[in-house]
Amino acid sequence: MIRYAIRRIPSALLVLFLASIAVFALIHLAKGDPAALAAGPDASPAEIAAKRHQLGLDDSLASQYLNWLRGELTGDLGNAYISGGSIGELVRNGLGNTVELTSGAVVLALALGGAAGMGMGVSRRRPVNAVLNALTTLAFAVPTYVSGVLLVLVLAVIFPILPAGGHESLLRDPTIGVQYLIMPALCLSLPAAATIARFLATSMRQVLDEDFLATGVAKGLKTRRLLFRHALPNALPPVLTIVGIQIGQMLGGAIVVEAIFAWPGVGQLLRDSVLDHEYLIVQDLLLFAVAVFIVLQMITDLVHAYIDPRIRTEH
Amino acid sequence: MATLNVAAPMPVTPRQHRIRWLFGSPIATAGIAVVVTLFAAGLFAPLLAPFPPNGQTNAALQGASTTHLLGTDEFGRDVLSRILYGIRQDAIVAVVSVPAGALLGVSLGLLTGLAGWLDTILQRIFDVMLAFTALIAGVTVASIVGPGLPAVLVTVAVVNVPLFGRITRTSVLTLRNRDYVVAARVVGVRPIRLLVRHVLPNGVDPLIVQLALSLSLAVFIEGAMSFISLGVLLPQPSLGNMLQKSINYLDRNPWYAIGPMVVVTLLVVGFQLIADGLTHRLLRR
């Protein structure tokens, strides 16, 4: 296992390092001069040059990259080029809310996906399977910006039971906070829930065909015990893999969901920063999103290898 | 008790085979019908649309009526007409970006078969590209080229490159040791010709399934980027930017939202159904 980890972790770090270069290089391709934008529309060339020097944009690209990377690693994200605000503070404010949203979505995805997946995997009744199958197909395919607007239309406009958008910290006021969280979290969780349901159903069907379950039936185990203590643990490993990848994708999905529900998270910050040409914030957040994806993927691989020893011996 | 089907299948001509292959699954046929109808509606938007897409009137946010079947938006523009023109953005992305990304991805995927070091480099490049999930890639591209339809076109193409690249690489790995490929190599077929003429045609099935999935993804990305103001820019209509605006007027004219929602869903699900049907026919024989 340790040998597998020793092989797997450096390659993830290499991809992360290459991705950081890609983010840095791509954002530097962006048209528009951040120094000119930061200095304002009426600035003279001398003022722009002074601004460029102040922002460190006249250093060589290599030293700019290294300075940026050092800042990222030490947690010093610097100041926004145009607004001048502390990026660390902006990101901290938004990140808590995004984590709240994605955590809610992960819980819902596991609950809904788990229930639907068990239902589809176990039930031999055709109507049950057909309905669950259609529901997961829809939940998987319907984009978040469609399901989100539909949720607002039904639960906030036609039957006004939940707020259409906004945010209240769960820590400050849990009862109000949950009301704001339900719709965005549900919206973000649907595609992941559907994916989990499908994988779990396939995996359960395979396990249920195994001989040891027939033995279980023969020696008179209760169905519930048979399903949850004997079948489910053996069906979980392939599902775990997909859960990790789904969480990694949620950060991208959060950009849209936060826009629908006016949720003040890093997704909104990223979108606004692109529109405002705040290149340094964009660069920081993109690296963050890519890093989260790569690290989650790596953890998933390690967990998978831990559960299933066959993985470790593959090249 | 299942009965054995011993009757030999009727011989089919290559052309019949091609048609059966596409329409053989009822799911895929339904998907094709939905998608073709909607794209045709977009193509013929100038003929079908009852009003010009940007014709503003004083009749803002009216509900559905016989003149405006889906009502009007906040500038009194006919929602149905804007939807028909909005479909065109998706059609452009589907026709331009998906084939471009697929072509590049397949080419790079074939290149992995030429040399070990090339394979290693391309694998790492695909890994880095995949770490940019669809919307993160969209944000990156939009911050480079600026928000707009071009950003959507580039994003969809870029996102597809590693998807097609990986699939092609897998085919190359599994097929290149087959007897017929080895035989071709032995008689002196050059490496590139070997990959393009001998390996690729036999690895085409999973690529076709991916093509259908990628078209679904393309519609999704266009909508998502336009929804967060990084894609198709107003006043140009797109399904995504209509949905974005409609959310403020759900109580006045819900059809403003329901129309684009239904069309986006039909397109995305339609392509997905085609992919499901093809998977069944091509990959699980």
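Residues numbered from 1 in each chain as written. Chains lettered and ligands numbered in written order. Predicted model: local features only at pLDDT ≥ 70, side-chain atom pairs only at ≥ 80, totals over all residues. Heavy atoms only, no water.

> Describe the packing of aromatic side chains, with residues and values.
Applying the stated rule across the entire model yields 7 aromatic pairs over all chains. Ring centres 6.0 Å apart and planes at 25 degrees place the aromatic pair A:Tyr145 and B:Phe227 in the stacked group. Taken as a pair, A:Tyr145 in helix α7 (residues 144–158) and B:Phe227 in helix α10 (residues 204–227) lie in two separate chains rather than in one. Classification of A:Tyr145 by relative accessible area gives buried; the value is 0%. Aromatic rings pair up to connect A:Phe24, A:Tyr65 and A:Trp68 into one cluster. Sitting above the plane of the A:Phe140 ring, A:Arg198 keeps its charged end 5.1 Å from the centroid. (Phe/Tyr/Trp six-rings, centres within 6.5 Å; stacked < 30°, edge-to-face > 60°. Helix = DSSP H or I, 4+ residues; strand = E, 2+ residues; numbered from the N terminus. Buried < 20%, exposed > 50% of the residue type's maximum accessible area, 1.4 Å probe, protein only. Lys NZ or Arg CZ within 6 Å of the ring centre and 35° of its normal.)

> Mind laying out the pattern of salt bridges, listing which residues take part and the relevant values?
Residue and element names in this part refer to chain B. Scanning the entire structure with this criterion turns up 8 salt bridges over all chains. Between Arg-82 and Asp-73 there is a salt bridge; the shortest N-O distance is 3.6 Å. Of the two residues examined, Arg-82 and Asp-73, each falls in the buried class. Between Asp-119 and Arg-169 there is a salt bridge, with its nearest N and O atoms 2.7 Å apart. Here Asp-119, found in helix α5 (residues 116–131), pairs with Arg-169, found in helix α7 (residues 149–175); they are 50 residues apart in sequence, far enough to count as distant. A relative accessible area of 16% places Asp-119 in the buried class. Several salt bridges converge on common partners, so that one network encompasses Asp-73, Arg-77 and Arg-82. (Salt bridge = Lys/Arg side-chain N within 4 Å of Asp/Glu carboxyl O.)

> Residue-level account of the interface of chain B and chain A, with values.
With 38 residues of chain B at the contact, the number on the chain A side is 43 residues. Summing both partners gives a buried area of about 3400 Å² for chain B against chain A, and 84% of it is carried by carbon and sulfur. Our count for the chain B to chain A interface comes out at 2 residue pairs in polar contact (both at pLDDT 80 or more). For the side of chain B that touches chain A, the secondary structure elements donating two or more residues are α5, α6 (134–145), α10, α11 (239–246) and α12 (255–283) of chain B. Residue composition of the side of chain B that touches chain A, by class: 27 nonpolar, 8 polar and 3 charged. (Contact = heavy atoms within 4.5 Å. Buried area = accessible area lost by both parts, 1.4 Å probe. Polar contact = N/O pair within 3.5 Å; in protein donor to acceptor, adjacent residues only side chain to side chain. Nonpolar A, V, L, I, M, F, W, Y, C, P; charged D, E, K, R; others polar.)

> Quick one: what's the story with the nonpolar core, residue by residue and with numbers?
A:Tyr145 and A:Ile260 are the most contacted members of the largest nonpolar core, which has 142 residues in total. In terms of residue count, helix α10 (residues 223–260) of chain A provides more of this core than any other element does, 15 residues in total. Every residue in contact with A:Ile260, bar those within four places of it in the chain, is listed here: A:Thr144, A:Tyr145, A:Gly148, A:Val149, A:Val152, A:Cys187, B:Phe227 and B:Ile247. In terms of nonpolar packing, the next biggest core, distinct from the first, is built from 14 residues, B:Ala102, B:Leu110, B:Leu175 and B:Leu207 among them. (Core = buried A, V, L, I, M, F, W, Y, C linked by side-chain atoms within 4.5 Å.)

> I'd like to hear about the environment of A:Leu280, residue by residue, with values.
All names here are of chain A. Mapped onto the elements of the fold, Leu-280 is located in helix α12 (residues 279–307). When the C-alpha atoms of Leu-280 and Asn-79 are compared, they prove to be 8.1 Å apart, with 201 residues separating the residues in sequence. Among residues more than four places away in sequence, those in contact with Leu-280 are Trp-68, Leu-77, Asn-79, Tyr-81 and Ile-87.

> Any details on the environment of B:Ser143? Residues and values, ideally.
As for its position among the elements, B:Ser143 is in helix α6. A sequence separation of 87 residues divides B:Ser143 from B:Leu230, and the C-alpha atoms of the two residues are 8.7 Å apart. Each residue touching B:Ser143, except ones within four places of it in the same chain, is listed here: A:Ile27, A:Ala30, A:Val274, A:Tyr279 and A:Val282.

> Outline the confidence of the model for chain A, supporting the account with residue identities and numerical values.
On average, residues of chain A carry a pLDDT of 87, and 99% of them reach 70 or more. Of all secondary-structure elements in chain A, the lowest mean pLDDT belongs to helix α13 (residues 310–313) of chain A, at 73, while helix α11 (residues 266–275) of chain A reaches the highest, 93. (pLDDT = per-residue confidence, 0-100.)

> Tell me about the packing of helix α2 (residues 26–43) of chain B against helix α4 (residues 79–111) of chain B, and name the residues and values.
When two helices pack together, you describe them by how their axes are tilted relative to each other and by the distance separating the axes. Residues and elements named next belong to chain B. The N-to-C vectors of α2 and α4 enclose an angle of 110 degrees; their axes lie 7 Å apart at closest approach. One way to sum up the angle between α2 and α4 is to call them roughly perpendicular. Note that α2 runs across α4; the crossing there is left-handed. Here Leu-38, Phe-39, Ala-41, Gly-42 and Leu-43 of α2 come into contact with α4, specifically with Leu-84, Ile-87, Arg-88, Asp-90, Ala-91 and Ala-94. Split by residue class, the contact of α2 with α4 holds 8 nonpolar, 1 polar and 2 charged. (Axes fitted to C-alpha atoms, helices over the stretch in contact; angles between N-to-C directions. Parallel < 35°, antiparallel > 145°, perpendicular 65-115°, else oblique. Left-handed = near helix turned anticlockwise from the far one by under 90°.)

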